[in-house]
Amino acid sequence: MAIFVLNGFMIINSKYSSLYLGEEKFWKAFFDRDVCFVQTFASGDEIRVQFRGYSENSTAKYKNQNGTETNLTVNMLYSDSITGLKLFEAAFTIHAIGEYKFTLTNGTESVLSFFSVKTQAELINTVLLNYTHRRNEYDTIFVQENGVRKTFNFRIEGGLYPGDKTQAVENETFRDQRFNPFQTASEVYQISILTIGTGKGVPQWVGNKINHIFNLSNILIDGISTARNESSVPDMIQVAGYHPLYVFKLNIEQSDDDIILGSQKTDVFYLTDNSGNMIVTNSGDNITVYH
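Within any chain, residue numbers begin from 1 and follow the written order of that chain's sequence. It should be noted that, the model being predicted, local features are given only for residues of pLDDT at least 70 and side-chain atom pairs only at 80 or more, the latter also being counted only at that level, while totals for whole chains, interfaces and linings use all residues. Excluding hydrogens and water, the side-chain figures rest on all heavy atoms present in the structure.

### Observations concerning the side chain of Arg 48
Secondary structure elements are defined from DSSP: runs of H or I of at least 4 residues count as helices, runs of E of at least 2 residues count as strands, and each element is numbered from the N terminus. On the secondary structure map, Arg 48 appears in strand S4 (residues 46-53). For Arg 48, a relative accessible area of 8% puts it in the buried group. N or O atoms closer than or at 3.5 Å make up a polar contact, with two conditions inside protein: a donor-capable atom paired with an acceptor-capable one, and, for residues adjacent in sequence, both atoms drawn from side chains. Side chain to side chain, Arg 48 and Glu 46 meet in a polar contact 3.1 Å long. Contact partners of Arg 48, with chain neighbours within four places excluded, come to Ser 17, Ser 18, Glu 89, Ala 90, Ala 91, Lys 150, Thr 151 and Phe 152. Residue burial is assigned from relative accessible area. The probe radius is 1.4 Å, only protein chains are included, and a residue is buried under 20% of its type maximum, exposed over 50%, and partly exposed in between. We call two residues in contact whenever any of their non-hydrogen atoms come within 4.5 Å of each other.

Shown next as structure tokens:
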């Protein structure tokens, strides 16, 4: 868990929240290179934050680069009658492209998170992790009282390189009296590598979050069901000396079914007049109409 305290305002952010609420000093040393890292989301991605704390009057909002503020509903999901610790949630979706600041406050002290909302075309080199769990666990509410599951989204730069895939097998064999081998059962599967931080890298907390996400029972990467391979953990690769951003690699498994998506047929027509004569441009070219 990530605990943030400001003058008595304690926030324990869920490892599964879409937003990181920690300050830069938590992931970058004073002698490190001066680099920044800003989370990104696509227009329409749901952003869900769950956190624990003692304050009952927590409020949340986000502000765009023009200074326009939007207040968010903060719901209390659970209260521990013994410790007084409460679990809250704020969930929202932004469609407008731009830069944003998320603020969580008790009226006196605040915690902040800066993020960007971009178009899908700008985020072509990112992956979207969508995840939930079969039961409420890890100090997080995944299943509502009506049985409907809550899902979380986390978008990060990275992807799966086809050349990183390796083949594996689980099989059983026996040998007869002549020592000839016979296979009695066999299941083949493919191991892929999820690479996070391609490019300039990501902070250490991203690798920690990825490791926690793969504790869960239901994980989708760009809509494809995914699981951790055996006991694999994110392997951290240093990009450069005193550079606080890293590349992480995790062995994962996905279905290796050959799914072929056919391209959509497009009919081409040329513009004509009522008599069927071709209408052309000033340069004499036909005017093409796609249907």
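### Let's talk about a nonpolar patch on the surface
Like-charged residues within 9 Å of one another, or nonpolar side chains (Val, Leu, Ile, Met, Phe, Trp, Tyr) within 5 Å, are grouped into patches, provided each residue has over 30% relative accessible area and no salt bridge. Here the open area of atoms and residues is found with the Shrake-Rupley method and a 1.4 Å probe, where only the protein chains shown may cover a residue. Salt-bridge detection follows one rule: a side-chain nitrogen of Lys or Arg within 4 Å of a carboxyl oxygen of Asp or Glu. Taken together, the side chains of Phe 30, Phe 31 and Tyr 242 present a nonpolar region at the surface, about 460 Å² in accessible area. Looking at where Phe 31 falls in the secondary structure, it is placed in the loop between strand S2 (9-13) and strand S3 (39-42).

### So, the environment of Phe 115
With respect to the element layout, Phe 115 can be found in strand S10 (residues 110-118). We classify Phe 115 as buried; its relative accessible area is 1%. Sequence separation between Phe 115 and Tyr 20 is 95 residues; the distance between their C-alpha atoms is 9.6 Å. Apart from the residues lying within four places of it in its own chain, the contact partners of Phe 115 are Leu 19, Val 38, Gln 39, Phe 41, Ile 47, Phe 92, Ile 94, Gly 98, Glu 99, Tyr 100 and Phe 102.

### Side note on the pattern of salt bridges
Here the structure, examined in full by the defined rule, presents 10 salt bridges. A salt bridge links Lys 28 to Asp 34; the nearest nitrogen and oxygen atoms lie 3.4 Å apart. Note on Lys 28: relative accessible area 12%, which makes it buried. What makes Asp 34 exposed here is its relative accessible area of 75%. For Lys 61, the salt bridge identified is with Glu 69, shortest N-O distance 3.2 Å.

### Here we look at the sheet that holds strand S6 (residues 69-72)
Pairing between two strands is assigned when DSSP locates at least 2 bridges connecting them. Spatial ordering of the open sheet is given by S3-S10-S9-S5-S6, a layout of 5 strands whose pairing is mixed. The sheet is open, and its two borders are formed by S3 and S6, each paired with just one other strand. The mean angle between the axes of side-by-side strands here comes to 30°, regardless of whether they run parallel or antiparallel. Where strand S5 (residues 59-64) meets strand S9 (residues 98-105), 6 bridges bridge the pair, whose relative direction is antiparallel. Note that in S9 the partner of Lys 61 across the bridge is Thr 103. Between the N-to-C directions of two axes lies an angle of 0 to 180 degrees, each axis being a line fitted to C-alpha atoms and, for a helix, fitted only over the stretch in contact.

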